[in-house]
Amino acid sequence: MTVLTVRHVAVAYGGRTVLHDVSLRVDPGEMVAILGANGSGKSTLVRTVLGLVPAQSGEIELFGVAQRRFRQWARVGYVPQRIGAGSGVPATVGEVVASGRLARRGVLRLPRRADRDAVRDALHDVGLADRAGDPVSTLSGGQQQRTLIARALAGEPDLLILDEPTAGVDADSQQAFAETLHRFRQRGGTVVLVAHELGPLEPLIDRAVVVHGGRIAHDGPIPQPAGHHAGPGHDHVHPHAMPERQGICDWAPSERTRTF
Amino acid sequence: MDLFEYAFMLRALTGALIIGLAAPALGTYLVQRRLSLIGDGIGHVALTGVGVGLLLERSPVITAVIVAAAGAVGVELVRERGRTSGDLALAMLFYGGIAGGVVLVGLSHGSSNASLIQYLFGSLTTTSDADIVVISVLGAAVLAAMLLLRPALFAVCNDEEYARVSGLPVRTLNLLLAVTTAVTVTIAMRTVGLLLVSALMVVPVAAAQQITRGFRTTMTAAMLIGLVSAAAGVVASAELDTAPGATIVILALVVFVGLTAGAAAWRLTGARTRRTRNAEPAGLASPEPPDVVLHG
């Protein structure tokens, strides 16, 4: 059984088609990176899979069940790009992570020992056990991202979907991130990761899917950076990137690229 | 104290204490969502409900609950679709609600500006036994919902998208929050009045935040501040012969200012202590001039 199947999905925002006829399949235990430039549609693809963006056409299946009928959302752990906007009232790291347990625990049931243990283990896994009582707003960007991973892990998911988890995150946190994902996979988990750059995550990736202009341009091994991006002195900075223009794709199709 | 030998004072105190607890409990979620002013908008709509009640010669509390709940659900549906900005939707509520209320109250028989004032600014001491029963039942329901559903409501208010992906009934919880706001506004209109309802939802939360670090502690502290302000406000208003609703709100604001100043002083002295501690080695070395040390 596949963990995730996407067949011929198209998505449009306000009349503009963002994804055209996208198909994708993720098997149990795989770690798949979804790569592409800003505006390529890679985030839209995972947001559609999660049901946050409606698909215009096509089919999506999670764990063999059509997305529309899928109810076991506790099996899916979602790590968004940024901590939620709702922050008018302080919340501790422990409280945010515990909210990730709710999918498994249910809305009306009181937390049991297993729930508290799962929250504690998740905090421990990302190295924030000693910060559980601190307000999230006092954490660094990297630590906030680790809080979001811990929130997803607290629900003990089978599939983790991460949307650019390492964007703007310091090197230490990126390394901690890679270790956490490695342990998750050793427990049998499946990972789908949207990324702009892979950094320390690269050795963990089984397969890369490149989204370009709303279509899947490549599905296979991690493609080598093309053009001037491949140069040894290239420090990969986009001071004024124009995301939707052609030619600024970091993962431009090369001779190894299969076109769909 | 002799004050509470009067039945109307006991009723006033009971009503105030219930609102003092329920309004900040709900308000914690509204502030977290940055919807601090929604209570005000719903309060304006409730005035139209009061007008309907007076016009039909029915209980204004019941018609106000119905009209305010309809308004709150409408705002939530607009917000969910994200088409009109929340700002504009609130403005429509403010003006439509208050204009409708003033017109309808004016059309009703035997009512005057005095009855309008009673609902706009509260009329705690004229609260009847029947009113107290309604306030108690609805207040208990609001409190129970806010406390029992705290994990789920926290998840939705903290990160709505994540809550949706978790499979939580986000829409139901949002509508529950909207209806609860309407109910709280309506039962609080006897205590503090429709124009000051929002203050009791927001000010205790703002005050609590000055000294708390987490969501649960903020909610608990806000309820405590609401309770104390309500009790002290009723007593003080009787002693000073002031309007109870406004007195309660002023006291909550005093707590806010006090805690803000206290927290600032605490941070300042904390910083100074740290600085002194860091400066300690230099302080110890200074009694002996360097040359003495060198020769010794």
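Described in the following lines is the structure provided in the data block. All figures in this text were calculated on a predicted structure; none of them were measured in a lab. Each residue is numbered by its place in its chain's sequence as written, counting from 1. Chain letters start at A and ligand numbers start at 1, both assigned in the order the entries are written. Side-chain atom pairs in this predicted model are given and counted only at pLDDT of 80 or more, local residue features only at pLDDT of at least 70, and totals for whole chains, interfaces and linings cover all residues. Remark: hydrogens and water are excluded; side-chain values derive from all non-hydrogen atoms of the structure.

## A short note on the overall build of chain A
Only runs of H or I of at least four residues qualify as helices and only runs of E of at least two qualify as strands under DSSP, and these elements are numbered from the N terminus. The helix and strand inventory of chain A stands at six helices and ten strands. Accessibility here uses a 1.4 Å probe with only protein chains present; expressed as a share of the type maximum, an area under 20% marks a residue as buried, one over 50% as exposed, and anything in between as partly exposed. Across the 260 residues that make up chain A, the buried fraction comes to 53%. Contacts: residue pairs with any heavy atoms within 4.5 Å of one another. If you take every contact in chain A between residues at least 6 apart in sequence, the share linking residues at least 24 apart comes to 71%. Throughout, the Shrake-Rupley method with a 1.4 Å probe supplies accessible areas, and for residues the shown protein chains are the sole cover considered. Carbon together with sulfur atoms contributes 50% to the accessible area of chain A, which is approximately 12100 Å² in total.

## Regarding the pattern of salt bridges
Once the charged atoms of two side chains with opposite charge are near each other, the side chains can pair. Residues and elements named next belong to chain A. Definition used for salt bridges: Asp or Glu carboxyl oxygen within 4 Å of a side-chain nitrogen of Lys or Arg. Enumeration according to the criterion identifies 22 salt bridges over all chains in this entry. Here Asp 115 makes a salt bridge to Arg 101, at a shortest N to O gap of 2.8 Å. Here Asp 115, found in helix 4 (residues 113-125), pairs with Arg 101, found in the loop between helix 2 (93-99) and helix 3 (102-105); they are 14 residues apart in sequence, far enough to count as distant. Among the residues examined, Arg 101 registers a relative accessible area of 6% and is labelled buried. Linking Asp 117 and Arg 120 is a salt bridge whose minimum nitrogen-to-oxygen distance equals 3.5 Å.

## Quick word on the packing of helix 6 (residues 129-148) of chain B against helix 7 (residues 150-158) of chain B
Residues and elements named next belong to chain B. Comment: axis = line fitted to C-alpha atoms, over the contacting stretch for helices; angle = value between 0 and 180 degrees taken between N-to-C directions. Direction vectors running N to C along helix 6 and helix 7 enclose 70°, while the axes themselves pass 5 Å from each other. As summarised for this structure, helix 6 and helix 7 are arranged roughly perpendicular, according to the angle between their axes. Contacts from Ala 145, Met 146, Leu 147 and Leu 148 of helix 6 reach helix 7 at Arg 150, Pro 151 and Leu 153. In this count, Pro and Cys sit with the nonpolar residues alongside Ala, Val, Leu, Ile, Met, Phe, Trp and Tyr, while Asp, Glu, Lys and Arg are called charged and the others, Gly among them, polar. Among the residues making up the contact of helix 6 with helix 7, the classes are represented as six nonpolar, no polar and one charged. Relative orientations are named as follows: roughly parallel for angles under 35 degrees, roughly antiparallel for angles over 145 degrees, roughly perpendicular for angles from 65 to 115 degrees, and oblique for any other angle.

## A few points about helix 11 (residues 215-240) of chain B
Each helix should span, by expectation, one fewer than its residue count multiplied by 1.5 Å. Here helix 11 of chain B spans 36 Å end to end across 26 residues, near enough to the 38 Å set by a 1.5 Å rise per residue. Positive phi appears at Asp 241 of chain B, one or two residues downstream of helix 11 of chain B, with a value of about 60°.

## Focus: empty space enclosed by the protein
Two kinds of site are reported from a 1 Å grid over the protein atoms alone, namely cavities, where a 1.4 Å probe fits but cannot get out, and pockets, open sets with protein on both sides within 12 Å along at least five of seven lines, and residues are called lining when an atom falls within 4 Å of a point. Grid points are joined across faces, edges and corners, and a volume is the space filled by probe spheres set on the points. Under the counting rule described, the total for this entry stands at two cavities of 30 Å³ or more. Reported here for the largest cavity is a volume of approximately 60 Å³. What lines the largest cavity is Trp 73, Ala 74, Val 76, Gly 77, Tyr 78, Gly 100, Ala 103, Ala 152 and Gly 155 of chain A together with Tyr 162, Val 165 and Ser 166 of chain B. At the level of elements, strand 6 (76-79) of chain A together with helix 8 (160-165) of chain B are the ones that each hand at least two residues to the lining of the largest cavity. Looking at the lining of the largest cavity, the element that brings in the most residues is strand 6 of chain A, giving three residues. Size it by volume and the second largest cavity reaches roughly 40 Å³. Taken together, Val 61, Asp 131, Val 134, Ile 135, Thr 186, Ile 187 and Arg 190 of chain B form the lining of the second largest cavity. Mapped by element, the contributors of at least two residues to the lining of the second largest cavity are helix 6 and helix 9 (170-188) of chain B.

## Here we look at the packing of aromatic side chains
Each aromatic pair joins two rings of Phe, Tyr and Trp (for Trp, the six-membered one) with centres within 6.5 Å, and gets the label stacked for planes under 30 degrees apart, edge-to-face for over 60, and tilted for any other angle. One pass over the full model with this rule turns up four aromatic pairs over all chains. Note on Phe 70 of chain A and Trp 73 of chain A: the rings are 5.0 Å apart at their centroids and 90° apart in plane angle, and the pair reads as edge-to-face. The buried category is assigned to Phe 70 of chain A, whose relative accessible area is 1%. Arranged with centres 5.6 Å apart and planes meeting at 45°, the rings of Tyr 29 of chain B and Phe 215 of chain B form a pair that is tilted. Of the two residues, Tyr 29 of chain B is situated in helix 1 (residues 7-32) and Phe 215 of chain B in helix 11; the sequence distance between them amounts to 186 residues. We note that Tyr 29 of chain B, like Phe 215 of chain B, is buried. Through a chain of ring-to-ring contacts, three or more aromatic side chains come together here, namely Phe 63, Phe 70 and Trp 73 of chain A. Here the guanidinium or amino end of Arg 75 of chain A rests over the ring plane of Phe 63 of chain A, the centre of that ring lying 3.9 Å away. The ring of Tyr 162 of chain B has Arg 151 of chain A sitting right over it, with the charged end atom 3.6 Å from the ring centre. Two limits define a charge over a ring: the Lys NZ or Arg CZ must be within 6 Å of the ring centre, and within 35 degrees of the ring normal.

## Observations regarding the side chain of Arg 151 of chain A
Tracing the backbone through its elements, the reader meets Arg 151 of chain A in helix 5 (residues 141-154). Given the relative accessible area of 1%, Arg 151 of chain A is considered buried. If near-sequence neighbours (up to four positions away) are discounted, Arg 151 of chain A is found in contact with Pro 80, Val 96, Val 97, Ser 99 and Gly 100 of chain A together with Asn 158, Asp 159 and Tyr 162 of chain B.

## Focus: the interface of chain B and chain A
Taken together, the 28 residues of chain B in the interface contact 29 residues of chain A. Put simply, buried area is the surface a 1.4 Å probe can reach on two separate parts but cannot reach once they are joined, added for both. When chain B packs against chain A, the two sides together hide about 2400 Å² of surface, and 60% of this comes from carbon and sulfur. Looking at the side of chain B facing chain A, the largest losses of area belong to Tyr 162, Val 165 and Arg 213 of chain B, adding up to 31% of the total buried there. Between the two partners, chain B and chain A, sit three salt bridges. With a closest N to O distance of 3.0 Å, Asp 159 of chain B and Arg 151 of chain A form a salt bridge.

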